[in-house]
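Next come the chains, spelled out residue by residue.
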Amino acid sequence: MSEADKEQTFAGSLMSHLVELRDRVVRMVIAVLAIFACLFYWANDIYVYLAEPLTRHLPEGASMIAIDVASPFLTPFKLVLMLSVFLAMPVILYQCWSFVAPGLYANEKRIAGPLLVSSILLFYAGVAFAYYVVFPLVFGFFTSVGPDNVNISTDIGRYLDFVLALFFGFGLAFEVPIATIILVAIGITTPKKLGEKRPYIIVGAFVCGMLLTPPDVISQVLLALPMWILFEAGLIASKMIFSDRNFDDDDDDEDDEDDEDDDPTTAAAGDGADDAPLSDEEMNAKLDQAAADEDRLDKT
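Below is a summary of the structure that appears in this document.

Rules used in this analysis
Residues numbered from 1 in each chain as written. Predicted model: local features only at pLDDT ≥ 70, side-chain atom pairs only at ≥ 80, totals over all residues. Heavy atoms only, no water. Helix = DSSP H or I, 4+ residues; strand = E, 2+ residues; numbered from the N terminus. Buried < 20%, exposed > 50% of the residue type's maximum accessible area, 1.4 Å probe, protein only. Contact = heavy atoms within 4.5 Å. Areas by Shrake-Rupley, 256 points an atom, 1.4 Å probe, with all protein chains shown as cover. Core = buried A, V, L, I, M, F, W, Y, C linked by side-chain atoms within 4.5 Å. Axes fitted to C-alpha atoms, helices over the stretch in contact; angles between N-to-C directions. Parallel < 35°, antiparallel > 145°, perpendicular 65-115°, else oblique. Salt bridge = Lys/Arg side-chain N within 4 Å of Asp/Glu carboxyl O. Phe/Tyr/Trp six-rings, centres within 6.5 Å; stacked < 30°, edge-to-face > 60°. Left-handed = near helix turned anticlockwise from the far one by under 90°. Nonpolar A, V, L, I, M, F, W, Y, C, P; charged D, E, K, R; others polar. Polar contact = N/O pair within 3.5 Å; in protein donor to acceptor, adjacent residues only side chain to side chain. Expected span 1.5 Å × (residues − 1). 1 Å grid on protein atoms, 1.4 Å probe; cavity = no way out; pocket = protein on both sides within 12 Å on 5 of 7 lines; lining within 4 Å. Points joined across faces, edges and corners; volume = space filled by probe spheres on them.

## Quick look at the overall build of the protein
- A tally of regular secondary structure across the protein gives 13 helices and zero strands.
- N-terminal to C-terminal, the α/β element order of the protein is α-α-α-α-α-α-α-α-α-α-α-α-α.
- The buried share of the protein, taken over its 300 residues, is 29%.
- Taking the contacts inside the protein whose residues are at least 6 apart along the sequence as the reference set, 83% of them involve residues at least 24 apart.
- Surface accessibility of the protein: about 19,400 Å² in total, with carbon and sulfur atoms responsible for 65%.

As structure tokens, this is what we get:
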């Protein structure tokens, strides 16, 4: 095949991939818009349901407010749009999977399929945990510690931004088992090594809780603890899924290699390989060379 034919074949293959990508993106957008069209009529009711964990703890006579002119319309609109993307996530991920699946090996498909489904379910579980467990505790605490002469009236737009940040943080945190399994699957680490790094993982969980949640201790702790528990679950799952791998032998081999590298006698033996005793001929040749060099220096 000539170079021109190869370039033409590559261009045709690239164009076909771009066309397929365009079609799948269009399907994602259609799915989101279809769900949005079905839910928009109940946008205000959905927002009332979302705000229920806060309004339940507001003092008698207090209510939420809208400080921007367009907030009564834009805030429910934004909520329904985000909810549409959230509910269309199985379709979105399926389209992504269908696009990349032809380039995967059979063993990669065997692992990637269940991981894809599990990641969706875990993200939904994280959002549900935030709404049903974290929100009542956080809002109950916030509304009870304020001064007596302060009226609590939360803006609807800021409340939506607050809960979306928590939803994203907890949904992302619940993906820890998937990340653990992927690290073991591609051979970067082993369950034993991850177990040895447990103290660092715990500290990292609290750091992630600080970065992914609003600046309050309750939500940070409620995010860090599930991350730790899910990390332990990921370790157990990785051991079960990859039970055919002998991780202990791999660790022992690496430890033996490290010991050999750190052994001073082995290092000295390796360094002394170039310092083997000279033969008589080599010794006489070096002496003659040294004498010749000395005579030449004397003449100069």
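## Some words on the nonpolar core
- In this structure, Tyr 47, Leu 50, Phe 135, Phe 139, Tyr 159, Val 163 and Phe 170 are the most contacted members of the largest nonpolar core, which totals 45 residues.
- For this core, the elements supplying multiple residues, two or more each, are helix 1 (3-39), helix 2 (43-55), helix 3 (71-87), helix 5 (106-142), helix 6 (156-173), helix 7 (176-185) and helix 10 (217-241).
- Here this core gets nine residues from one element, more than from any other, and that element is helix 6.
- Discounting residues that sit within four places of it in the chain, Tyr 47 has contacts with Met 64, Thr 75, Leu 79, Ile 156, Gly 157, Tyr 159 and Leu 160.
- Within the second largest apolar cluster, five residues are counted, among which are Met 28, Val 32, Ala 88 and Ile 92.

## Observations concerning the packing of helix 3 against helix 4 (residues 89-100)
- Their axes nearest at 4 Å, the elements helix 3 and helix 4 cross at an angle of 50 degrees. With respect to their mutual orientation, helix 3 and helix 4 come out oblique. Along its contact with helix 3, which presents Val 85, Phe 86 and Leu 87, the element helix 4 presents Met 89, Pro 90 and Ile 92.

## Some remarks on the pattern of salt bridges
- By the definition in use, this model includes five salt bridges.
- Of the charged contacts, one joins Glu 20 and Arg 24 as a salt bridge, the two residues approaching to 3.3 Å between their closest N and O atoms. Note that Glu 20 and Arg 24 are positioned in helix 1 at a spacing of four residues, about one turn of the helix.
- For Glu 232, the salt bridge identified is with Arg 198, shortest N-O distance 2.5 Å. On the criterion of sequence distance, the pair formed by Glu 232 in helix 10 and Arg 198 in helix 9 (residues 198-212) is long-range, its members being 34 residues apart.
- Overall, Glu 232 belongs to the partly exposed group, its relative accessible area being 22%.
- Its relative accessible area of 28% is what places Arg 198 among the partly exposed residues.

## What about the packing of aromatic side chains?
- In this structure the tally under the stated criterion is 18 aromatic pairs.
- Ring geometry for Tyr 131 against Phe 135: centres 6.0 Å apart, planes inclined by 65 degrees, an arrangement best described as edge-to-face. Taken together, the residues Tyr 131 and Phe 135, both in helix 5 and four residues apart, mark about one turn of the helix.
- Residue classification places Tyr 131 among the buried residues on the basis of a relative accessible area of 9%.
- Ring centres of Phe 135 and Phe 167 lie 5.3 Å apart, and the angle between their planes is 35 degrees; this geometry places the pair in the tilted category.

## Observations regarding the packing of helix 9 against helix 10
- The interhelical angle for the contact between helix 9 and helix 10, taken along N-to-C directions, is 140 degrees, at an axis separation of 8 Å. For the element pair helix 9 / helix 10, the angle class is oblique. The way helix 9 lies across helix 10 gives a crossing that is right-handed. Contact with helix 9, carried on its side by Arg 198, Ile 201, Ile 202, Ala 205, Phe 206, Cys 208, Gly 209, Met 210 and Leu 212, involves Gln 220, Val 221, Leu 223, Ala 224, Met 227, Trp 228, Phe 231, Glu 232 and Leu 235 of helix 10 and no other residues of that element.
- Residue classes in the contact of helix 9 with helix 10 are distributed as 14 nonpolar, two polar and two charged.

## Some points on the side chain of Ser 119
- Here Ser 119 is to be found in helix 5.
- For Ser 119, the contacting residues outside a window of four places in its chain are Glu 175 and Ile 178.

## With respect to the side chain of Ser 84
- Its place among the elements puts Ser 84 in helix 3.
- In terms of polar contacts, Ser 84 uses its side chain to reach the backbone amide nitrogen of Phe 36, at 3.2 Å.
- Those residues in contact with Ser 84, other than ones at most four positions away along the chain, are Val 32, Ile 35, Phe 36 and Leu 39.

## A look at helix 3
- With 17 residues, helix 3 extends 23 Å from end C-alpha to end C-alpha; this agrees with the ideal 24 Å at 1.5 Å per step.
- Every buried residue of helix 3 is accounted for by Ser 71, Thr 75, Pro 76, Leu 79, Val 80 and Ser 84.

## Thoughts on the environment of Ala 88
- In this fold, Ala 88 is placed in the loop between helix 3 and helix 4.
- For Ala 88, a relative accessible area of 0% corresponds to the buried category.
- Taking the C-alpha atoms as reference points, Ala 88 and Ile 30, separated by 58 residues in sequence, lie 9.7 Å from one another.
- The contact partners of Ala 88, leaving out residues within four places of it in the chain, are Ala 31, Val 32 and Ile 35.

## What about the layout of surface pockets?
- Taken as a whole, the largest pocket spans an internal volume of roughly 520 Å³.
- Forming the walls of the largest pocket are 18 residues, and the residues nearest its centre are Leu 83, Phe 86, Val 127, Leu 164 and Phe 167.
- Looking at the lining of the largest pocket, the elements that each hand over two or more residues are helix 2, helix 3, helix 5 and helix 6.
- With six residues, helix 5 is the largest single contributor of residues to the lining of the largest pocket.
- When the residues that make up the lining of the largest pocket are grouped by side-chain class, the tally is 18 nonpolar, no polar and no charged.

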